[in-house]
Structures are given as structure tokens and as C-alpha cells.
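Spelled out, the chains give:
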Amino acid sequence: MPQWLQAGLWGLLAGAALLLGAWVGFRMRIPARLVAAVMAFGSGVLISALSFELMDEAFKSGGMDSTALGFVGGAAVYTGANWLLAHRGARHRKRSGGQQPSEQENAGSGLSIALGALLDGIPESIVIGLSLLKGGAVSTVAVAAIFLSNLPEGLSSAAGMKKAGRGAGYVYGVWGSIALASGLAAVAGFVLFDGSSAETVAATTAVAAGAILAMLVDTMIPEAFEQAHDFAGLITVAGFLAAFALSKLGG
């Protein structure tokens, strides 16, 4: 099987967790504290993955300069794009409560939420394609971490979309499209950087890591703290430890 196709399938698998989570969040009444706990766990998983699978590998391949510039640059680009979308109704796109605006309350917020979801998912998926460049095999730790973090993202956001009055067609359409885009982004991560220098790949990996960390702080961690604030830190640590152990066992 061609490696670009492998990248796409792995990206699609990780992205499918968004759709699965959205189905659960839309069809079932999940206690808010459970949603928050799962979100905290997913946040810990992603923090661990970007620390040991992304930043550490970027540093080993490209050194401190390209890694640091890419990391800060990725966070800055994500923050700017997120700021624009937040002011158009997408600020609470990961929230499971009644924070998300309806289309009547904020015209155009539905499109902004969809674009925000796309913005959140692309950096993670590109990482999957980049991981294939390192040795011809995808990073199973990265795929597992992204899958585990995507489940609560889709669950929480879909629950909030439903409370804002958005129908099943919108919810499944958004997350189904993001899952497909995840596969395409993984293909792009492999195809566009195949043959690039180690420094370029390292910088791009760091860009994705910076965007992911900014996304966590802006969208996932607030939802986790909202309901599970007494235990959010402990649950996040558990997620971090799970991904850390997975990376060491996988290595």
C-alpha cells in the first residue's frame, strides 16, 4: 500500500473518533461532569503526545532554533485564527453546556463553529502524515493519542450543538466532514514534506505542536475545568501518564 494512502487511512481513523464522539454526545444524555472528566483525560493525553512524540522528536531532528520558532509560530497562527472565529460565534464550540449560540442568536455562528472545528483538527492530522516520514511507519502513539482526545472533543461539542438547537444533519455533517478532512490533512502532511530536510520537517512538527497546545488551552481545558474543577488536574495527569506509558511501551 502506498505510504500516502497509509497516512490518509490513519488520519481518517483518528478523525473518525470525532464522529463517534459526536454520535454519543448527540444521541445520549451524558452527565456534564463525565463529559468534563473525559475532556480532561483527553487534554492530558494530547499534552503528553506533543511533549514526547512531537517536540522531543522535532528537537532531535532540527535542533532548538527551528523547533522553538515553529512552536511559537504555530501557536501564534492558531491563536489569531481562533480569535477571528471566536468573535463570529465559535468561542464555545467545545462546550457541552448552553454556551454555544444558536443561529438565531448569532447569525453565521454555525459556519464559524464548523470552521473552528476544522481549525482544531488539522494540526493533529498533519502530524500523522509527518510521522511516516521518520521511518516509513506511522507513530501509533500519536494516532492513539489523537483518537483518544478526539472522542471527548466530538462528544462535548455535539452536546453543546444540540442544546443550541442545531439538528442531527448539521452535527453529523460537521464532524463527518472534519473526519474526512483529517484523512486529507494526513495525506498532505506526508506528500508535501516528503523529501524535505530534517530541519523543515522538525519545524513543521513543532508548528503543529504549538497549534495543538494553544487549542488545548483555548478550547478543551476550559470545558474540563467548568464541571470537573475539583478533579480536573488529577484526571489530566492520568491522561498524561497513560499516553506517556504508551510512548515508552511503543518505543
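Predicted model, so just to flag it, every value in this text is computed and none were measured. (Residues numbered from 1 in each chain as written. Predicted model: local features only at pLDDT ≥ 70, side-chain atom pairs only at ≥ 80, totals over all residues. Heavy atoms only, no water.)

## Brief notes about the UniProt feature "transmembrane region" (unreviewed entry) in the chain
And then number 1: UniProt's entry tags residues 6-26, 33-55, 67-86, 126-149, 169-193, 200-221 and 227-246 with the feature "transmembrane region" (unreviewed entry), counted in the numbering of this structure.
And then number 2: As annotated, residues 33-55 comprises 100% helix and 0% strand, and the C-alpha atoms at either end are separated by 31 Å.
And then number 3: Helix makes up 100% of residues 67-86 and strand 0%. Its end C-alpha atoms lie 28 Å apart. (UniProt positions renumbered as here; feature names shortened; annotations may be inferred. Helix = DSSP H or I, 4+ residues; strand = E, 2+ residues; numbered from the N terminus.)

## Remarks on the packing of aromatic side chains
And then number 1: Under the criterion given, the structure shown has three aromatic pairs.
And then number 2: Between the aromatic rings of Phe-52 and Phe-240, the centroid separation amounts to 5.9 Å while the plane-to-plane angle is 70 degrees, which identifies the pairing as edge-to-face. With Phe-52 in helix α2 (residues 32-90) and Phe-240 in helix α7 (residues 232-250), this pair connects stretches of sequence that are 188 residues apart.
And then number 3: By relative accessible area, which is 29% here, Phe-240 ends up partly exposed.
And then number 4: Among the aromatic residues, those joined into a cluster by ring pairs are Phe-52, Phe-240 and Phe-244.
And then number 5: A cation sits over an aromatic face here: Lys-162 above Phe-26, 5.2 Å from the ring centre.
And then number 6: The aromatic ring of Tyr-170 is capped on one face by Arg-166, whose charged end is 5.4 Å from the ring centroid. (Phe/Tyr/Trp six-rings, centres within 6.5 Å; stacked < 30°, edge-to-face > 60°. Buried < 20%, exposed > 50% of the residue type's maximum accessible area, 1.4 Å probe, protein only. Lys NZ or Arg CZ within 6 Å of the ring centre and 35° of its normal.)

## Topic: helix α1 (residues 3-27)
And then number 1: With 25 residues, α1 extends 36 Å from end C-alpha to end C-alpha; this agrees with the ideal 36 Å at 1.5 Å per step.
And then number 2: Buried within α1 we find Ala-7, Gly-8, Gly-11, Ala-14, Gly-15, Ala-17, Leu-18, Gly-21, Ala-22, Val-24, Gly-25 and Phe-26. (Expected span 1.5 Å × (residues − 1).)

## A word on the environment of Val-77
And then number 1: The residue Val-77 is located in helix α2 in this model.
And then number 2: For the pair formed by Val-77 and Gly-210, sequence separation is 133 residues and the distance between their alpha carbons is 9.1 Å.

## A word on a nonpolar patch on the surface
And then number 1: On the surface, Met-1, Trp-4, Leu-5, Leu-9, Leu-12, Leu-180, Leu-184 and Val-191 cluster together into a nonpolar patch covering about 780 Å² of accessible area.
And then number 2: Of all the elements in the fold, those that place two or more residues in the nonpolar patch are α1 and α5 (168-191).
And then number 3: Broken down by element, the residue count for the nonpolar patch peaks at four residues, all from α1.
And then number 4: Residue placement: Leu-184 occurs in helix α5.
And then number 5: Overall, Leu-184 belongs to the exposed group, its relative accessible area being 56%. (Patch = residues over 30% accessible without salt bridge, like charges linked within 9 Å, V, L, I, M, F, W, Y side chains within 5 Å. Areas by Shrake-Rupley, 256 points an atom, 1.4 Å probe, with all protein chains shown as cover. Salt bridge = Lys/Arg side-chain N within 4 Å of Asp/Glu carboxyl O.)

## Section: the packing of α1 against helix α4 (residues 140-163)
And then number 1: Two elements in contact, α1 and α4, have axes separated by 6 Å at closest approach and are oriented at 30 degrees. With respect to their mutual orientation, α1 and α4 come out roughly parallel. Where α1 crosses over α4, the handedness of that crossing is right-handed. Residue-level inspection shows Trp-10, Leu-13, Ala-14, Gly-15, Ala-17, Leu-18, Leu-20, Gly-21, Ala-22, Val-24, Gly-25 and Phe-26 of α1 in contact with α4, the latter providing Val-143, Ile-146, Phe-147, Asn-150, Leu-151, Glu-153, Gly-154, Leu-155, Ala-158, Ala-159 and Lys-162.
And then number 2: Across the contact of α1 with α4, the residue classes tally to 16 nonpolar, five polar and two charged. (Axes fitted to C-alpha atoms, helices over the stretch in contact; angles between N-to-C directions. Parallel < 35°, antiparallel > 145°, perpendicular 65-115°, else oblique. Left-handed = near helix turned anticlockwise from the far one by under 90°. Contact = heavy atoms within 4.5 Å. Nonpolar A, V, L, I, M, F, W, Y, C, P; charged D, E, K, R; others polar.)

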